[in-house]
Amino acid sequence: MDLSRRAVLTSGAALAAAGALPAAAAVAPVAEIALVMNSADASVSVIDMATRREIRREPVLREPHHWTLSPDGRTLLVGDAAGNALFSFDPATGAPLGHQVCADPYQLWISPRGSVLVVAALRLDHIDIYDAAGRTLKKRIAARSMPSHIAFSPDEAMVFVTLQRSGAVMAIDLARLAPVWTQPSGPTPAGIVWHDGRLLVACMGSDHVAEMDPADGRVLRRIVTGKGTHIIAPAPDGDTIYVGNRVGGTLTALDAATLKPRQSFTLSGGPDCIAFAPDGKLWITRRFTTTVAVLDPASGSVEPITVGRSPHGIFLSSVLPAARRDPAAALGTASV
Amino acid sequence: MTDPALAVAGWLQQALLLPLLYRLGAMQWEDLSFGWALFAVYGLVQVAATFAVCMPLEHWRPVERWPDRRAVATDMLYTLVSRVGILPLVTFVGFYQVQVAFTGYLADHGWVPPTLELLVPPLLGHPVAAFVVYAVLLDGAEYWRHLLSHRVRWWWALHSLHHAQRQMTFWSDDRNHLLDDLIAALWFGAIALLIGVPPLQFPMLVLVLRFLESLSHANARVSFGWLGERLLISPRFHRAHHGVWAAGRRSCNYGAILPWWDMIFGTADFAASAVHTGDPSAPEALVSGGYWAQQAGGLRRMAGSRRPAVTQR
Ligand SMILES: [Zn+2]
Ligand SMILES: [Zn+2]
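All of the points below concern the structure found in this document. These figures come from a predicted structure and were not determined experimentally.

Broken down by element type, chain B carries 14 helices and zero strands. Reading the helices (α) and strands (β) of chain B from amino to carboxyl end gives α-α-α-α-α-α-α-α-α-α-α-α-α-α. Taken along the three principal axes of its C-alpha coordinates, chain B extends 50 × 45 × 45 Å. Look at the contacts in chain B between residues 6 or more apart in sequence, and 73% of them connect residues 24 or more apart. With an accessible surface of roughly 14400 Å², chain B has 71% of that area assigned to carbon and sulfur atoms. If the 23 positive side-chain charges of chain B are averaged to one point and the 21 negative ones to another, these points end up 11 Å apart.

Tracing the chain through its elements places A:Arg62 in the loop between strand E3 (53–59) and strand E4 (64–69). A distance of 2.6 Å separates polar atoms of two side chains, one belonging to A:Arg62 and the other to B:Tyr134.

Moving on to the coordination of the zinc ion (ligand 1). Residue and element names in this part refer to chain B. The coordination sphere of the zinc ion (ligand 1), as far as protein atoms go, consists of His 146 (NE2), His 150 (NE2), His 159 (NE2), His 163 (NE2) and His 241 (NE2), spread over 2.1 to 2.2 Å. If you list the donors of the zinc ion (ligand 1) from N- to C-terminus, the spacing comes out as H-x3-H-x8-H-x3-H-x77-H. By relative accessible area, His 150 is classed as buried at 0%. Judged by relative accessible area, which is 0%, His 163 ranks as buried.

Attention shifts here to the coordination of the zinc ion (ligand 2). Residues and elements named next belong to chain B. Taken together, the protein donors to the zinc ion (ligand 2) comprise His 162 (NE2), His 217 (NE2), His 238 (NE2) and His 242 (NE2), at separations of 2.1 to 2.2 Å. Each of the four donor atoms bound to the zinc ion (ligand 2) contributes to angles spanning 85 to 172°, and the resulting shape is irregular. In primary-sequence terms, the residues that donate to the zinc ion (ligand 2) follow H-x54-H-x20-H-x3-H. Distance-wise, the zinc ion (ligand 1) is placed 5.4 Å from the zinc ion (ligand 2). Of this pair, His 162 sits in helix H7 (residues 153–164) while His 242 sits in helix H11 (residues 235–242), placing them 80 residues apart in sequence.

Glancing now at the sheet that holds strand E19 (residues 219–224) of chain A. All names here are of chain A. As summarised here, the arrangement of the four strands in space is E16-E17-E18-E19, forming an open sheet in which the pairing is antiparallel. Of all the strands in the sheet, just strand E16 (189–195) and E19 have a single pairing partner and so form its edges. Across this sheet, the average inter-strand angle for adjacent strands is 20°, counted without regard to direction. Across five bridges, the pairing between strand E17 (residues 198–203) and strand E18 (residues 208–212) is antiparallel. Within E18, the residue paired with Ala 202 across the bridge is Val 209.

So, on to the interface of chain A and chain B. On the chain B side, the residues contacting the 42 residues of chain A number 42 residues. On the chain A side of the interface with chain B, the three residues burying the most area are A:Arg62, A:Phe288 and A:Arg309, jointly 24% of the side's total. The tally of links from chain A across to chain B stands at three salt bridges. Between B:Glu117 and A:Arg62 there is a salt bridge; the shortest N-O distance is 3.1 Å. There are eight residue pairs in polar contact (both at pLDDT 80 or more) connecting chain A and chain B.

Time to look at a nonpolar patch on the surface. Residue and element names in this part refer to chain B. Among the surface-exposed residues, Trp 144, Trp 226, Leu 227, Leu 231, Leu 232, Trp 260, Met 263, Ile 264 and Phe 265 lie close enough to one another that they form a single nonpolar patch of about 920 Å² accessible area. The set of elements that each furnish at least two residues to the nonpolar patch consists of helix H10 (225–231) and helix H12 (260–264). Note on placement: Met 263 falls in helix H12. In this structure Met 263 comes out as partly exposed when scored by relative accessible area, which is 38%.

Conventions used here
Residues numbered from 1 in each chain as written. Chains lettered and ligands numbered in written order. Predicted model: local features only at pLDDT ≥ 70, side-chain atom pairs only at ≥ 80, totals over all residues. Heavy atoms only, no water. Helix = DSSP H or I, 4+ residues; strand = E, 2+ residues; numbered from the N terminus. Contact = heavy atoms within 4.5 Å. Areas by Shrake-Rupley, 256 points an atom, 1.4 Å probe, with all protein chains shown as cover. Lys, Arg positive; Asp, Glu negative; His and termini not counted. Charge placed at Lys NZ, Arg CZ, Asp CG, Glu CD. Polar contact = N/O pair within 3.5 Å; in protein donor to acceptor, adjacent residues only side chain to side chain. Donors = N, O, S within 2.8 Å, 3.2 Å for Na, K, Ca; no water. Buried < 20%, exposed > 50% of the residue type's maximum accessible area, 1.4 Å probe, protein only. Tetrahedral: all angles 85-135°; square planar, octahedral: opposite > 155°, others 65-115°. Pairing = 2+ DSSP bridges. Axes fitted to C-alpha atoms, helices over the stretch in contact; angles between N-to-C directions. Buried area = accessible area lost by both parts, 1.4 Å probe. Salt bridge = Lys/Arg side-chain N within 4 Å of Asp/Glu carboxyl O. Patch = residues over 30% accessible without salt bridge, like charges linked within 9 Å, V, L, I, M, F, W, Y side chains within 5 Å.

In structure tokens:
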């Protein structure tokens, strides 16, 4: 998923340990890869970003949906919802690193400063808050119903979760581990991001993004983008926010400062998660196909890459700190 | 390479299901609707593939010839309802909810339902091998469910709908009472809680298994030979199970895909060969009635089965 990724990665403390890579010099530098969670195929596709070809598939149990990156950038956790398991991968190579049992990890996210792992169990109607390091369960919070996407406040004081079936957003105080408010957002909320001191919520049962006040959950305004608004992805340049519209089959580019729609791209196949490549292109999974679309926002051209059935989450190794990607560099510089 | 069945399911989802859910204000079910679209399209492929193979077989080497084939038409309806349409919908929405509620309850009490691959770690990372083990275990569970549905009096009253057909063809595999189907789904669900059951991860393998089940009902003089019959269930082997003398308690050959369970538990009869199928004690409504007449007839027979006077064999 694409929420607050930069916040996770730019946390300096989290990256301090990135220097001590095992046998780094012996490993040839690897190409940049994309990891794609094939939700109806029980596998993770490993794609060579340069050649745009799938290199191989790593099996998981049942139904991988989303991922989160550990604060040290060494482990990519992939949630297998129906398999009730968390799978670990090396985010630089896609090598499998093992798994552990976890109840219905549909959506998962580690907080910006790396202290907690929040897991939303879409089917089982609860939100689990784990200690990120030891992965011990601190608190299970009942969340009726269908908790789906997650966003943190940058100071890590709060976590916000969309409740798809209730048409609401739940705010949880991470110090007290208790819900603070649950407020209506608009029908079937899916994607949620923290932007500029506000929450942006994609209302999939409607055609807009709701801007909410994180303090009390009041809806401040509604920005119409397209039918079936599903995902919200702020571009790393801080200039544009992309919104995927599931039913309309479009992708809307919003001006990050004004939240006014600036441009619209046609994108069929049920656009879902979005990842940003260093060259400015968007890598977008298409749920109702077997492809990832690489969209060039400058020209609007789309390049498909074949993966498994119903691709959902997507991770690009290019977001890893240079130290983690290039073994040679890792030996010289311990911090980024 | 793109999978054409998946392309059709994707089209169904985008052109019909999503706009419908959007209009109904039910977008939270969009994931499930795609699951159903996949299930329905693969189901349609199963039916088409089975038809393409079994139809010529039944023409080439029929066991029986009938003056009119009206009773077969109802079986065609059963097949379409269960493999393409309504039953998968009920399974995906209704049954899903029950299973989720129960799993949630267990998770809240500290028990996460396992999967076979976590119970038997070497299977993890070998999805095809895992699938084969699942197929064998589920086939074994299916054997016991089927055997019990012959031995338990009220259950047999329901299952006798499957046996009532005197014009048994490859369409007859899904000819079941809805209540019997529901029990089968619960049986399956209980196993899913114990070992986890893979969803449509291997549509082609599932297609082959379901094809074998349909084929075993075909009105075709087909045997797999001495060894083949002991590896996979043939039309000859399953026809013996449907023979008029085998209806009820003392039947043989209960297996669905593998004959091994019958061989292990002493219910296999490789010598038996039946020509005529049916259940002589079944009321006519179960034999030649339409879909709903059969459903009502099954319930009536079940209600009557509580009285000791009912025909039991
Ligand atoms: Zn039977
Ligand atoms: Zn049968």
